[in-house]
Amino acid sequence: MTAIAFWLRGHLDRALPAARALVASPPALALAVALLLGLQLAIQGAVFSAFPRDEIESIFWGQGWALGYDIQQPPLHNWIAGLTTAVLGVTPLAFALIRMGTIALMLLFVWLGTRAAAGGDRFAAGLAVLGLLASVMFGLQIFLNLTHTLTLLGAVAFCFWTLTRVARPEAGLGAYLLVGLGLGVGALAKYSFALVALGLLIGALTHPILRRRLIDWRTLAALAVAGLIVAPHGLWLRGADHTVLAEMPELLHAAPLPPLQRAWDILRTGWIDPLAGVIVPLALLALCLPGFVKPGQPPAETDPSRPWRRLLVVAVVTTLALVTLVTLAAGGNRLRDHYLMPAALLLPIWAALRATALPRGAPAEGRAAFGLCAAAALLAAGLALAMTVIRPLTCDRCLTDLPVDRWEQAVREAGFDGGTLVSGSLDNAAALFTRFPGSRLLWRAPGVPLRGDGAITQGEGCLIVLDPKRPEADRQSLEGWLAEHLEAPPPPAPPPLLQAEGRLRSLFGNRTQTLYFVVYPQGIGQCR
């Protein structure tokens, strides 16, 4: 045992300086992040056979260009998706590039903002980036799904960096215009950005320099830039029959609950869960850096990050409080993770800045860097294993592992070579839609507008994908929907219910999934 302990100690003694050097070196850190993102790009772009749920909705909404799409979400991600798929096609690779590119930009602005707030300390900036990747929320969850929330996180990181630009002694009009750009982009990313922006603003008022800089005519220029960016979508919203406010009770799970249970659900989902999502890097830094929890306060002139740490704490608490108040006002009982991710994003930055106030020393820095590197690596390896091996064996809806090749073959054999695809849930239809360029996809959901209505499609067929849990009942309800929405006359006889079974993408196991569908090879009404 003693020999093993010495062997481990020797390797650890060599690993700690290497980890410290990686965190402190921008090229080395960038290479490590690039390898991690590249692994996920390869899995999601080349191994996945279809798309996660959020990307499926982006495929539907992104069939054309508009100033607005879904009343629940602003259009920024749909615009990005439209541009990317116009070049690369509607493929898993295209959406994987959007995801990894957005995450890379988020991490870049976190690094730049933390370095500036820490007085140029590159080690602190590296700790912030690794702290995010070592957390369950940002090292795991953001790789699994999310679309609009990812663009929101990138906008929040960008806004934090622009605030550090405004605080510089030589800050000019350009710094304020960058703030306006961030505000405009954030507003187009997700409507909840307004709460995050207000939290950052209140936090900025606690920063002595920013407080003076914000009371400046150039702040009006920043607001003007943001207004110009948001104005076109604002005009679209003005013409909509309702806003997202009307749908908030449903989104926030409004339902009568006992007061104590409701208070606990709000506390758990709104305050405890965000902290739990980033607790790993916070705990590692607290364990590895002496004085992290109860540090001796250095003089303000030797601690440039102190006002920024105060700003971040105020921004986090204010944002969580605002989201909680909005949820309560709407009658909601719990908060979704992605509402709270922008606030959680700021906590590892605060922890990294806290490290700048400590007399760290090389050994302590090495331990902190090694701990974060190890946690990030374990999460990345576990995520890769889960996506490639575990999920296809245990999934329920299995959206990224569908047997699309087999389904396409069966659909073509049934006489469909393009035209209009109709689906009640999009899950299976969106994957097939990508195999028939020039077709259009319609969603049979209440209140959802027809996309590409009146468009000229390449093909005359009508393919209707049925609910796999109740295909016969879904088929029976088709006639009325087709007549109401696509001017289809009653068919002389009900179309036959067809099905195609295929093996899920999996390295192991032989699980299958069945596609139930109806085909009108020559189309029917406007379904062609």
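For the structure, see preceding data.
The structure contained in this document is the topic of the report that follows. (Residues numbered from 1 in each chain as written. Predicted model: local features only at pLDDT ≥ 70, side-chain atom pairs only at ≥ 80, totals over all residues. Heavy atoms only, no water.)

Now for helix α12 (residues 217-239). With 23 residues, α12 should cover 33 Å at 1.5 Å per step; its first-to-last C-alpha distance of 33 Å lies within 8% of that length. Along its length, α12 shows its largest kink, about 45°, at Ala231, and proline Pro232 lies within four residues downstream of that point. Among the residues of α12, those classed as buried are Arg218, Thr219, Ala221, Ala222, Ala226 and His233. Two to three positions downstream of the cap, the backbone nitrogen of Arg218 sits 2.8 Å from a side-chain oxygen, assigning the N-cap of α12 to Asp216. (Helix = DSSP H or I, 4+ residues; strand = E, 2+ residues; numbered from the N terminus. Expected span 1.5 Å × (residues − 1). Bend = angle between axes of the 7 residues up to and from the residue. Buried < 20%, exposed > 50% of the residue type's maximum accessible area, 1.4 Å probe, protein only. Polar contact = N/O pair within 3.5 Å; in protein donor to acceptor, adjacent residues only side chain to side chain.)

With respect to the element layout, Leu285 can be found in helix α15 (residues 279-288). The exposure class assigned to Leu285 is buried, which follows from its relative accessible area of 2%. Taking the C-alpha atoms as reference points, Leu285 and Arg354, separated by 69 residues in sequence, lie 9.5 Å from one another. Leu285 has contacts with Leu127, Phe292, Ala351, Ala352, Ala368 and Leu372, leaving out every residue within four places of it along the chain. (Contact = heavy atoms within 4.5 Å.)

What follows is about the nonpolar core. Counting 98 residues, the largest nonpolar core has Phe138, Ile142, Trp308 and Leu345 as its most contacted members. It is helix α17 (residues 337-356) that provides the largest number of residues to this core, a total of 13 residues. Leaving out residues up to four positions away in the same chain, Trp308 has contacts with Ala117, Phe160, Leu163, Thr164, Ala167, His207, Leu210 and Leu353. Core analysis: the next-biggest nonpolar cluster, separate from the first, contains 35 residues, Leu402, Val411, Ala500 and Leu515 among them. (Core = buried A, V, L, I, M, F, W, Y, C linked by side-chain atoms within 4.5 Å.)

For the structure on display, the rule yields eight aromatic pairs. Relative to Phe158, the ring of Phe109 lies with its centre 4.9 Å away and its plane at 85°, an arrangement referred to as edge-to-face. A residue pair is termed long-range when its members are at least 10 positions apart, and Phe109 in helix α5 (residues 92-117) and Phe158 in helix α8 (residues 148-166) qualify at 49 residues. A single burial state applies to Phe109 and to Phe158, both of which are buried. Centroid distance Phe109 to Trp161: 5.5 Å. Interplanar angle 40°. Geometry classified as tilted. Taken together, the positions of Phe109 in helix α5 and Trp161 in helix α8 put the pair 52 residues apart, joining distant regions of the chain. For the pair Phe109 and Trp161, a shared accessibility class is recorded, and that class is buried. (Phe/Tyr/Trp six-rings, centres within 6.5 Å; stacked < 30°, edge-to-face > 60°.)

Take the sheet that holds strand β3 (residues 461-465) next. With respect to topology, five strands assemble into an open sheet ordered β2-β1-β3-β5-β4, the strand pairing being mixed. Of all strands in the sheet, those with a lone pairing partner are β2 (440-443) and β4 (498-503), marking the two edges. On average, adjacent strands in this sheet sit at an angle of 25° to one another, irrespective of strand direction. When β3 meets strand β5 (residues 512-520), the two strands line up antiparallel, connected through four bridges. If you follow Cys462 over to β5, its bridge partner there is Tyr520. Its contacts with the sheet put helix α19 (residues 404-413) on β3, β4 and β5, and the angle it makes with β5 is roughly 25°. (Pairing = 2+ DSSP bridges. Axes fitted to C-alpha atoms, helices over the stretch in contact; angles between N-to-C directions.)

Before going further, it helps to examine the side chain of Thr388. Inspection of the secondary structure assignment puts Thr388 in helix α18 (residues 361-394). In terms of polar contacts, Thr388 uses its side chain to reach the backbone carbonyl oxygen of Ala384, at 2.7 Å.

Another aspect to go through is unusual backbone geometry. Of note, Cys398 is a non-glycine position whose phi angle comes to about 55°, a positive value. Counting through the fold element by element, Cys398 comes out in the loop between α18 and α19. What makes Cys398 buried here is its relative accessible area of 5%. Phi angles above zero are rare outside glycine, and Glu487 is one such case at about 50°. With respect to the helices and strands, Glu487 occurs in the loop between α22 (478-486) and β4. By relative accessible area, which is 57% here, Glu487 ends up exposed.

Before going further, it helps to spend a moment on the pairing of β5. For β5, the tally of buried residues reaches eight of nine residues, placing the bulk of the element in the interior. Two elements, β4 and β5, share six bridges in a ladder whose sense is antiparallel. From the neighbouring strand, Gly502 faces β5, where its bridge partner is Gln513.

Further remarks concern the state of the cysteines. Evaluated as defined, the whole model comprises two disulfides. Each disulfide pairs two cysteine sulfurs, and for Cys395 the partner residue is Cys398, the sulfurs being separated by 1.9 Å. Between Cys395 and Cys398, the S-S torsion sits near 100°, and that sign places the bridge as right-handed. Like Cys395, the residue Cys398 is buried in the burial classification. (Disulfide = S-S within 2.5 Å.)

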